[in-house]
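# Fold and geometry: a report
Residues per chain are reported as follows:
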Amino acid sequence: MNCIFCKIIAGEIPANLLVDNNDLVAFPDLNPQAPTHILIVPKRHVENAAELAEVQPSALAELFKAAKKLSVDLNLPGYRTVFNTGEAAGQSVFNAHLHLLGGRAFGWPPG
Ligand code: 5GP
């Protein structure tokens, strides 16, 4: 499968794994959009968050639990979590992943 995040999970592409457990991995985004920008990726390959909710809802919860733990470990007073779903919304890697962003102020509505 030609999936860049599956290759990171398999160790074929290097990444600084901040979390690596049965359910997921977390690693810094290559092109950070905030001082803290971490990708939290389920180990089961699915295309997007909605598909993960269908096939393994508990894994979706694990992504948010990992985001909370990372925010505590990194002393983030607040953070933003984002799923881009579909090319029109900015998704570029079609393997579900939660963006964890922190370390700066965030505008609303988001860009
Ligand atoms: P999306 O646009 O699909 O919501 O997010 C994909 C994210 O993956 C982007 O923010 C992009 O910078 C990041 N990314 C793409 N390729 C790599 C890679 O090889 N390593 C890491 N660490 N991040 C990547």
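Whatever comes next refers back to the structure up there.
The structure contained in this document is the topic of the report that follows. Computed from a prediction, not measured in an experiment: that's the story for all the values here.

### Side note on the nonpolar core
- Counting 16 residues, the largest nonpolar core has Ile-38, Ile-40, Leu-52, Leu-63, Leu-70 and Leu-100 as the members making the most contacts within it.
- Leaving out residues up to four positions away in the same chain, Leu-63 has contacts with Leu-24, Ile-40, Val-41, Pro-42, Leu-52, Phe-83 and Leu-98.
- Formed by 9 residues, the second largest nonpolar core is a distinct cluster that contains Cys-6, Ile-8, Phe-27 and Val-93.

### A short note on the site of the ligand
- Around the ligand, a shell composed of 16 residues is seen, among which Asp-29, Asn-84, Gly-90, Ser-92 and His-99 lie nearest.
- At 2.9 Å, a backbone N or O of Pro-28 approaches a nitrogen atom of the ligand.
- Contacts to the ligand include Gly-90, whose backbone N or O atom sits 2.8 Å from an oxygen atom.
- When isolated, the ligand has an accessible area of 520 Å², and the protein chains bury 84% of it.
- Those elements giving two or more residues to the shell around the ligand turn out to be helix H1 (4–9) and strand S2 (24–28).
- Here the element with the most residues in the shell around the ligand is H1; it accounts for 3 residues.
- In terms of residue class, the shell around the ligand is made up of 8 nonpolar, 7 polar and 1 charged.

### A look at the pattern of salt bridges
- The full count for this structure, using the stated rule, is 3 salt bridges.
- Among the ionic pairs, Lys-65 bridges to Glu-62, the shortest N-O distance being 3.2 Å. Taken together, the residues Lys-65 and Glu-62, both in helix H3 (residues 57–73) and 3 residues apart, mark about one turn of the helix.
- Overall, the relative accessible area of 53% leaves Lys-65 in the exposed class.
- Across the pair Asp-73 and Lys-69 runs a salt bridge whose closest N-O atoms are separated by 2.9 Å. Of the two residues, Asp-73 and Lys-69 are both situated in helix H3; the distance of 4 residues between them amounts to about one turn of the helix.

### Thoughts on the packing of aromatic side chains
- Summed over all chains, the structure comprises 2 aromatic pairs.
- On the numbers, 5.6 Å between centres and 75° between planes, the contact of Phe-5 with Phe-27 is edge-to-face. You can see Phe-5 sitting in helix H1 and its partner Phe-27 sitting in strand S2, a full 22 residues away along the chain.
- Judged by its relative accessible area of 6%, Phe-5 is buried.
- Accessibility expressed as a relative area gives 3% for Phe-27, which makes it buried.
- Consider the rings of Phe-64 and Phe-83, whose centres lie 5.9 Å apart with planes at 75°: the pair is edge-to-face. With Phe-64 in helix H3 and Phe-83 in the loop between strand S4 (80–82) and strand S5 (98–102), this pair connects stretches of sequence that are 19 residues apart.
- We classify Phe-64 as partly exposed; its relative accessible area is 39%.

Basis of the calculations
Residues numbered from 1 in each chain as written. Predicted model: local features only at pLDDT ≥ 70, side-chain atom pairs only at ≥ 80, totals over all residues. Heavy atoms only, no water. Core = buried A, V, L, I, M, F, W, Y, C linked by side-chain atoms within 4.5 Å. Buried < 20%, exposed > 50% of the residue type's maximum accessible area, 1.4 Å probe, protein only. Contact = heavy atoms within 4.5 Å. Near = heavy atom within 4 Å. Polar contact = N/O pair within 3.5 Å; in protein donor to acceptor, adjacent residues only side chain to side chain. Areas by Shrake-Rupley, 256 points an atom, 1.4 Å probe, with all protein chains shown as cover. Helix = DSSP H or I, 4+ residues; strand = E, 2+ residues; numbered from the N terminus. Nonpolar A, V, L, I, M, F, W, Y, C, P; charged D, E, K, R; others polar. Salt bridge = Lys/Arg side-chain N within 4 Å of Asp/Glu carboxyl O. Phe/Tyr/Trp six-rings, centres within 6.5 Å; stacked < 30°, edge-to-face > 60°.

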